[in-house]
Amino acid sequence: MKLKALALAGLLLTPFAQAKSDIMAHDLYARAMAPSSVTSAVFTTLMNHGDNERTLISASTPAAGKVELHDVIKDGDVMKMRQVQSIAIPANGHAVLKPGSLHIMLFDLDKRLAEGEEIEMTLTFANGETQTLQVPVKKVMSGMKKMDHSHH
Ligand SMILES: [Cu+2]
């Protein structure tokens, strides 16, 4: 039943998929989940090739029960995640979603995401456009470790 519902959703989205979009998702991936983790996140660079600012307002995936747009803020000496209502993509610019910064947070996952898998994700923009993307699952170092660029 679930597969049938997904196929139907795919058909309904076709008109949007065929329309040329100004938004392109580069370097798109979901973080593979460690045995101890119960959440995952999706990262990408959203390029806006249009002359108008665009706004990502929500994302969804059949793989997760709840999806939120998140940012990371510094609260004193502590880095904290917080939900944001939208992510703006400047005209002829881009928004970078990366570990330790903006990301699409996945909660209530049906199963642990493993490297090599793929999940489907639909992005919804403020102008009503939706884009459905195939997101590969990759291993990512934790945000803190990744920020350490020191050489030995
Ligand atoms: Cu988060």
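An unreviewed UniProt entry annotates the protein as Copper chaperone PCu(A)C of Vibrio gallaecicus.

In this section: the pattern of salt bridges. Per the stated rule, a full pass over the model turns up five salt bridges. Ionic pairing is found between Glu-129 and Arg-54, a salt bridge with its closest N-O pair at 2.6 Å. Here Arg-54 lies in strand 3 (residues 54-60) and Glu-129 lies in the loop between strand 9 (118-125) and strand 10 (130-138), a separation of 75 residues in the sequence. The class of Arg-54 is buried, set by a relative accessible area of 9%.

The next subject is the coordination of the copper ion. Of the protein atoms, only His-70 (ND1), Met-81 (SD), His-103 (NE2) and Met-105 (SD) coordinate the copper ion, at distances of 2.1 to 2.2 Å. Each of the four donor atoms bound to the copper ion contributes to angles spanning 97 to 115 degrees, and the resulting shape is tetrahedral. Within one chain, the residues donating to the copper ion are spaced in sequence as H-x10-M-x21-H-x1-M. With His-70 in strand 4 (residues 64-75) and Met-81 in strand 5 (residues 78-83), this residue pair connects regions lying 11 residues apart in the sequence. Residue classification places His-70 among the buried positions, given a relative accessible area of 5%. Accessibility expressed as a relative area gives 47% for Met-81, which makes it partly exposed.

By size, the foremost hydrophobic cluster in this structure holds 29 residues, and its most contacted members are Val-42, Ile-104, Leu-106 and Leu-123. Residue contributions to this core peak at four residues, all from strand 9. Excluding its chain neighbours within four sequence positions, the residues that come into contact with Leu-123 are Leu-46, Leu-56, Ser-58, Ala-59, Ile-104, Glu-129, Thr-130, Gln-131 and Leu-133.

Relative to strand 2 (residues 40-48), strand 1 (residues 23-31) runs antiparallel, the two sharing six bridges. In the strand pairing of strand 2, Ala-25 is matched with Leu-46. As defined by bridge partners, strand 1 adjoins strand 10 across two bridges and the pair is classed as parallel. Residue pairing in the sheet places Ala-30 in a bridge with Val-137 of strand 10.

Here the focus is the environment of Ser-37. Relative to the helices and strands, Ser-37 resides in the loop between strand 1 and strand 2. Given a relative accessible area of 25%, Ser-37 falls into the partly exposed group. Between the alpha carbons of Ser-37 and Leu-113 there is a distance of 10.0 Å; along the sequence they are 76 residues apart.

Okay, the packing of aromatic side chains next. For the structure on display, the rule yields one aromatic pair. Where Tyr-29 meets Phe-43, the ring centres are 5.4 Å apart and the plane angle is 40 degrees; that geometry is what we call tilted. With Tyr-29 in strand 1 and Phe-43 in strand 2, this residue pair connects regions lying 14 residues apart in the sequence. We note that Tyr-29, like Phe-43, is buried. In this arrangement the basic side chain of Lys-66 is found over the ring face of Phe-107, its NZ or CZ atom lying 4.8 Å from the centre.

Here is what the cut-offs are and how they apply
Residues numbered from 1 in each chain as written. Predicted model: local features only at pLDDT ≥ 70, side-chain atom pairs only at ≥ 80, totals over all residues. Heavy atoms only, no water. Salt bridge = Lys/Arg side-chain N within 4 Å of Asp/Glu carboxyl O. Helix = DSSP H or I, 4+ residues; strand = E, 2+ residues; numbered from the N terminus. Buried < 20%, exposed > 50% of the residue type's maximum accessible area, 1.4 Å probe, protein only. Donors = N, O, S within 2.8 Å, 3.2 Å for Na, K, Ca; no water. Tetrahedral: all angles 85-135°; square planar, octahedral: opposite > 155°, others 65-115°. Core = buried A, V, L, I, M, F, W, Y, C linked by side-chain atoms within 4.5 Å. Contact = heavy atoms within 4.5 Å. Pairing = 2+ DSSP bridges. Phe/Tyr/Trp six-rings, centres within 6.5 Å; stacked < 30°, edge-to-face > 60°. Lys NZ or Arg CZ within 6 Å of the ring centre and 35° of its normal.

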